[in-house]
Amino acid sequence: MVITNGIAPLTSAPSTISSLQPPPPPPQQQQTTPSSLPSVKIEDPLPYVSLKTGLCYDVRMRYHAKIVTNAYDYTDPHPEDPRRVYRIYKALAEAGLVDMKGASGAGHIGSKLMQHVPAREATREEVTLVHETKHWDFVERTATMTQDELVEETDNGDSVYFNNDSWFCAKLSCGGVIDTCKAVVRGDVKNAIAVVRPPGHHAEPYKPAGFCMFNNVAVASRVILKEFPDQVKKILILDWDIHHGNGTQRAFYNDPNVLYISLHRYDNGKFYPGGTFGNYDKVGEGEGEGFNVNIPWPCGGMGDGDYIYAFQKTVMPIAEEFGPDLVILSSGFDAAPGDELGECFVSPAAYGHMTHMLKSLAHGKLAVVLEGGYNLDSIATSALGVTKVLIGDAPMPLTNVYARPEAVQTVEKVSRTLARFWKCMKIGHKIHDLPEAPPVERLHDIIRKYQASQLFAHFSMTKLPIFRDRISRSFEDQVLCTPGFQSAKTVVVIVHDPPDVWTEPDPVTGQISLHETFVMDAEIKYIQWAHQKGYGVVDINAPAVFTDQEDEGYNVQAALQDLCLYVWDNYLDLSDARNFVFVGVGEACGGQVYLLGHREVRERVRAAIAIAGSKTLFPIVPIMDEFITDWYYKNSLVLTSSNHPMWDQSNGSKNPRKKYGNVQRTEYETMNELLIGKYSDVIAFAEEDIEESSSEEEREGGPDRKRLKNDDRSSNNNEDEWVDAVTPGSAPAAFL
Ligand SMILES: [Zn+2]
């Protein structure tokens, strides 16, 4: 039996479980359109708007439920809760989209806006278009298993539960989705939403998984391609459930007729379903290469701006180039606020906007299919936002349209990867393979050579020899010093990332014009300051990658830590300097903080300045000196950009702990702005400490040489020997 609301069902199939039949329908309403025919006449000037939006909903899908085995199941029900579908139906009814008569959805479904698409059980023939027969046979067996067997299968399965009604509900859910898609393809409705469960997109061809038994969307796609070969040759499946639809991807991985696009949390392969199958480089295989698009978010907290950005930059251009005949939306609502599994913030307004964009494809033939989503309030309001737009309402205004850096970076990686397959993605992406050997030279190395020549020309700075096998050879040219710094009373040690380069790539080819490319090397201001003051300078550049192919396993932080200790042990600690000022810039601050924690530095290091920008903050680790954390907090100045992730309270970030030093948020966003904008503050901070230390020395009657007495290594120091090595021909102690 099939429930009708006075509108004859579009398809019908007998139920096998008569005891589950809902109550009889209410009295039939006046009917103006013969329901067995499409409600649009051929001469209708606006055939699309004259049609209703389909709604597939059947209360019997609530019968699939987790068997209660302990008290905990009552207090904390399984997230794939039978109430999910009802709560969505209720929200649609309360919003007036379907008539309220029989709010349970058992009887009257439909309204002047929506048309009921009855659910019916999918057949073995349909389901096995995607799933192996042993998979079908297994789910069938659950209908007659004992309770103990069901509990055992639940415990052994991959995040899926069974009762004796699961089999029926899985078929009903799948059949409902098939008929929803058919109704859209035939033009019985203009578009539709299937509010069904159990969901489907994790179900693999060979096994149930992730609350899913049959892959509803995959089965429906196969049925449509088979039964409507003339009308539907290409299907786009857009999956915005917060989890990757591994089952759907698998079903069409070799198929160029089905474009699968998924936006999901990936978290470096740690987010369910886990592994690398959901990464951006999984683009399909064989003929299907390029027809699989993963947009893998690296973390939670993604919101409207991020999703809209991904849609505008990647999803819609590729979808338009593909030109589908039907769009099926795997619509989980677990990226909505309040979902404990998803931890994201996609609003009903954003769901509406994305639906609006998808409606522009395939002559509006869009079938929305419920997947996950576990906060009952969130899925209800999200589904309402989608359904209103399906019917024809305008999407609600968006309040947050800014994409986070993580989203922009992810979308860029996806676009670059797909530029091999889609013309629209080639724009701004130059596809080429670099030769491994010369004449190719990394711009970083060229810039460092230029820096070295400038530092020599202005400040007579030259290479500081690094004789140590363990240190990567890529560092050889990266440590420069002023002549005679070892005799200077004060030495400024600058440990920095390579300078920022600003450019405007050609918008079509992605190529860079050297005339429009600028190196912004604000660090030179700091060297200039030290030079004018007569301080010695040691400048350490930390390349993030290096070009020496023989030196494999390079890790910038490990190499930098090693190098900083080396420079301290072999040069700085043995020098005459009574004051050291450290200035770290960018990720390179890691090497400096490591050194401060691993050597006894408190007596001579006056200030540790870290200009971190938006880069990592490094905690000091007290290896040599238990008081170093307090010392670091008092003597450091750690400057971050205004947009540093640590200030984003929505991520659950707290104020930094003492071990990160005296961290301050600035108003600047880029490293270069920060270096220039905070220049005066930084040198004032450094000079204050240097002066303090000098006046202390005067009070104590001369330079503090206690350290030298306690450290016999210094007596082995032959200054002349390494002065010659550093600055041949120059007078020592030039800056004292
Ligand atoms: Zn999900």
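The rules behind these values
Residues numbered from 1 in each chain as written. Predicted model: local features only at pLDDT ≥ 70, side-chain atom pairs only at ≥ 80, totals over all residues. Heavy atoms only, no water. Bend = angle between axes of the 7 residues up to and from the residue. Helix = DSSP H or I, 4+ residues; strand = E, 2+ residues; numbered from the N terminus. Buried < 20%, exposed > 50% of the residue type's maximum accessible area, 1.4 Å probe, protein only. Pairing = 2+ DSSP bridges. pLDDT = per-residue confidence, 0-100. Contact = heavy atoms within 4.5 Å. Donors = N, O, S within 2.8 Å, 3.2 Å for Na, K, Ca; no water. Tetrahedral: all angles 85-135°; square planar, octahedral: opposite > 155°, others 65-115°. Right-handed = clockwise from strand over helix to strand, strands pointing away. Phe/Tyr/Trp six-rings, centres within 6.5 Å; stacked < 30°, edge-to-face > 60°. Lys NZ or Arg CZ within 6 Å of the ring centre and 35° of its normal. Core = buried A, V, L, I, M, F, W, Y, C linked by side-chain atoms within 4.5 Å. Axes fitted to C-alpha atoms, helices over the stretch in contact; angles between N-to-C directions. Parallel < 35°, antiparallel > 145°, perpendicular 65-115°, else oblique. Nonpolar A, V, L, I, M, F, W, Y, C, P; charged D, E, K, R; others polar. Left-handed = near helix turned anticlockwise from the far one by under 90°. Patch = residues over 30% accessible without salt bridge, like charges linked within 9 Å, V, L, I, M, F, W, Y side chains within 5 Å. Areas by Shrake-Rupley, 256 points an atom, 1.4 Å probe, with all protein chains shown as cover. Salt bridge = Lys/Arg side-chain N within 4 Å of Asp/Glu carboxyl O. Lys, Arg positive; Asp, Glu negative; His and termini not counted. Charge placed at Lys NZ, Arg CZ, Asp CG, Glu CD.

Things to note about helix α10 (residues 304-322)
For step 1, the next point in the chain: Along α10, the largest kink reaches about 45 degrees and is centred on F311.
For step 2, the next point in the chain: Here α10 lies mainly inside the structure; 14 of its 19 residues are buried.
For step 3, the next point in the chain: In the segment just after α10, G323 is the residue with positive phi, at about 65 degrees.

Considering the pairing of strand β3 (residues 191-194)
For step 1, the next point in the chain: Burial along β3 is two-sided: the face carrying N191 and I193 and the face carrying A192 and A194 are both buried.
For step 2, the next point in the chain: Taken together, the four bridges between strand β1 (residues 53-56) and β3 define a ladder with parallel strand orientation. Within β3, the residue paired with L55 across the bridge is I193.
For step 3, the next point in the chain: Across four bridges, the pairing between β3 and strand β8 (residues 366-370) is parallel. Looking at β8, one finds that I193 is bridged to V368.

As for the confidence of the model for the chain
For step 1, the next point in the chain: Across the chain, pLDDT averages 83, with 81% of residues at or above 70.
For step 2, the next point in the chain: The model gives residues 700-736 a pLDDT under 50, and that stretch makes 48 contacts with residues more than four places away or in other chains.

Some words on the coordination of the zinc ion
For step 1, the next point in the chain: Donor atoms from the polypeptide that coordinate the zinc ion comprise D241 (OD), D241 (OD), H243 (ND1) and D334 (OD), at 2.0 to 2.7 Å from the metal.
For step 2, the next point in the chain: Every donor counted, the four donor atoms about the zinc ion form angles of 52 to 154 degrees at the centre, which fits irregular coordination.
For step 3, the next point in the chain: Each donor residue of the zinc ion belongs to the same chain, and together they define the spacing D-x1-H-x90-D. One end of the pair, D241, is in the loop between β4 (235-239) and α9 (246-251); the other, D334, is in the loop between β7 (326-331) and α11 (348-359), and 93 residues separate them in sequence.

Some words on the pairing of strand β16 (residues 605-613)
For step 1, the next point in the chain: Taking burial as the measure, the nine residues of β16 include nine buried ones, the bulk of the element.
For step 2, the next point in the chain: As judged from the six bridges shared by strand β15 (residues 579-585) and β16, these two strands associate in the parallel manner. Pairing of V585 across the sheet is with I611, part of β16.
For step 3, the next point in the chain: You can see the chain leave β15, run along helix α18 (residues 589-598) and come back into β16, and the turn it takes is right-handed.

Focus on the environment of V177
For step 1, the next point in the chain: Mapped onto the fold, V177 is located in helix α7 (residues 166-186).
For step 2, the next point in the chain: As a C-alpha pair, V177 and V196 span 19 residues in sequence and 7.8 Å in three-dimensional space.
For step 3, the next point in the chain: Every residue in contact with V177, bar those within four places of it in the chain, is listed here: A194, V196, N216, V217, A220 and V369.

Some words on the sheet that holds β15
For step 1, the next point in the chain: Strand order in the open sheet formed by eight strands is β9-β10-β14-β11-β15-β16-β17-β18, and the pairing between neighbours is mixed. Taken across any chain shown, the strands that pair with only one partner, and hence form the sheet edges, are β9 (462-463) and β18 (663-665).
For step 2, the next point in the chain: Inspection of the sheet shows strand β10 (residues 479-481) paired to strand β14 (residues 536-541) by three bridges, in the antiparallel sense. Within β14, the position partnered with V479 by the bridge is I540.

Thoughts on the packing of aromatic side chains
For step 1, the next point in the chain: Overall, the coordinates contain 16 aromatic pairs when judged by the stated rule.
For step 2, the next point in the chain: When the ring of F291 is compared with that of W422, the centres are 5.5 Å apart and the planes differ by 75 degrees; the resulting orientation is edge-to-face. Placement of the pair is F291 in the loop between β5 (258-265) and β6 (292-297) and W422 in the loop between α13 (405-418) and α14 (423-426), with a sequence separation of 131 residues.
For step 3, the next point in the chain: Note that K190 overlies the ring of Y48, its terminal NZ or CZ placed 5.5 Å from the centroid.
For step 4, the next point in the chain: One residue, R250, lies across the ring of F277, its end atom 4.3 Å from the ring centre.

Some thoughts on the nonpolar core
For step 1, the next point in the chain: Counting 68 residues, the largest nonpolar core has L55, W240, L263, F311 and L358 as its most contacted members.
For step 2, the next point in the chain: For this core, the leading source of residues is α10, giving nine residues.
For step 3, the next point in the chain: Those residues in contact with L358, other than ones at most four positions away along the chain, are L238, W240, F311, M316, V327, L329 and L366.
For step 4, the next point in the chain: Listed in part, the 51 residues of the second largest apolar core include M61, V160, L225 and V258.

Quick word on the packing of α10 against α11
For step 1, the next point in the chain: In the contact formed by α10 and α11, the axes pass within 10 Å of each other and the chain directions differ by 10 degrees. The angle between α10 and α11 falls in the class roughly parallel. Where α10 abuts α11, its residues D304, Y307, I308, F311, Q312 and M316 lie against A350, H353, M354, M357 and L358.
For step 2, the next point in the chain: Split by residue class, the contact of α10 with α11 holds eight nonpolar, two polar and one charged.

Notes on unusual backbone geometry
With glycine set apart, most residues show a phi of negative sign, and most peptide bonds adopt trans.
For step 1, the next point in the chain: Here the residue pair R197 and P198 is connected by a cis peptide bond, since its omega of -5 degrees sits within 30 degrees of zero.
For step 2, the next point in the chain: In this model, Y272 is joined to P273 through a cis peptide bond whose omega is 5 degrees.
For step 3, the next point in the chain: Following the sequence through the fold, P273 ends up in the loop between β5 and β6.
For step 4, the next point in the chain: Here N268, not a glycine, exhibits a phi torsion of approximately 55 degrees, which is positive.
For step 5, the next point in the chain: Looking at the element boundaries, N268 is found in the loop between β5 and β6.
For step 6, the next point in the chain: Positive phi, close to 55 degrees, is recorded for S460, a residue that is not glycine.

Side note on the packing of helix α17 (residues 556-572) against α18
For step 1, the next point in the chain: Where α17 contacts α18, the two axes come as close as 8 Å, and the packing angle between them is 50 degrees. Judged on the interaxial angle alone, α18 and α17 are oblique. Judged by the twist between their axes, the crossing of α17 over α18 is right-handed. For the pair α17 and α18, contact is made by Q557, L560, Q561, C564, L565 and W568 and by G590, G591, Q592, Y594, L595 and H598, respectively.
For step 2, the next point in the chain: A breakdown of the residues in the contact of α17 with α18 according to their chemical character gives six nonpolar, six polar and no charged.

Concerning a negative patch on the surface
For step 1, the next point in the chain: Together, D148, E149, E152 and D155 make up a negatively charged patch on the protein surface.
For step 2, the next point in the chain: Looking at the secondary structure, you find E149 in helix α6 (residues 147-156).
For step 3, the next point in the chain: On the basis of relative accessible area, E149 is assigned to the partly exposed category, the value being 39%.

A word on the environment of Q486
For step 1, the next point in the chain: The topology assignment puts Q486 in the loop between β10 and β11 (490-496).
For step 2, the next point in the chain: A sequence separation of 90 residues divides Q486 from D576, and the C-alpha atoms of the two residues are 6.0 Å apart.

Points about the sheet that holds strand β2 (residues 114-116)
For step 1, the next point in the chain: With respect to topology, eight strands assemble into an open sheet ordered β2-β1-β3-β8-β7-β4-β5-β6, the strand pairing being parallel. The open sheet has two edge strands, β2 and β6, and neither has a second partner. Each strand axis lies, on average, 15 degrees off the axis of its neighbour in the sheet, ignoring direction.
For step 2, the next point in the chain: Sheet topology places β5 next to β6; six bridges connect them, and they run parallel. Of the residues in β6, the one forming a bridge with R265 is W297.
For step 3, the next point in the chain: Sitting on the sheet, helix α8 (residues 216-227) touches β4, β5, β7 and β8, and the angle it makes with β4 is about 170 degrees.
For step 4, the next point in the chain: Its contacts with the sheet put α11 on β3, β4, β7 and β8, and the angle it makes with β8 is roughly 145 degrees.

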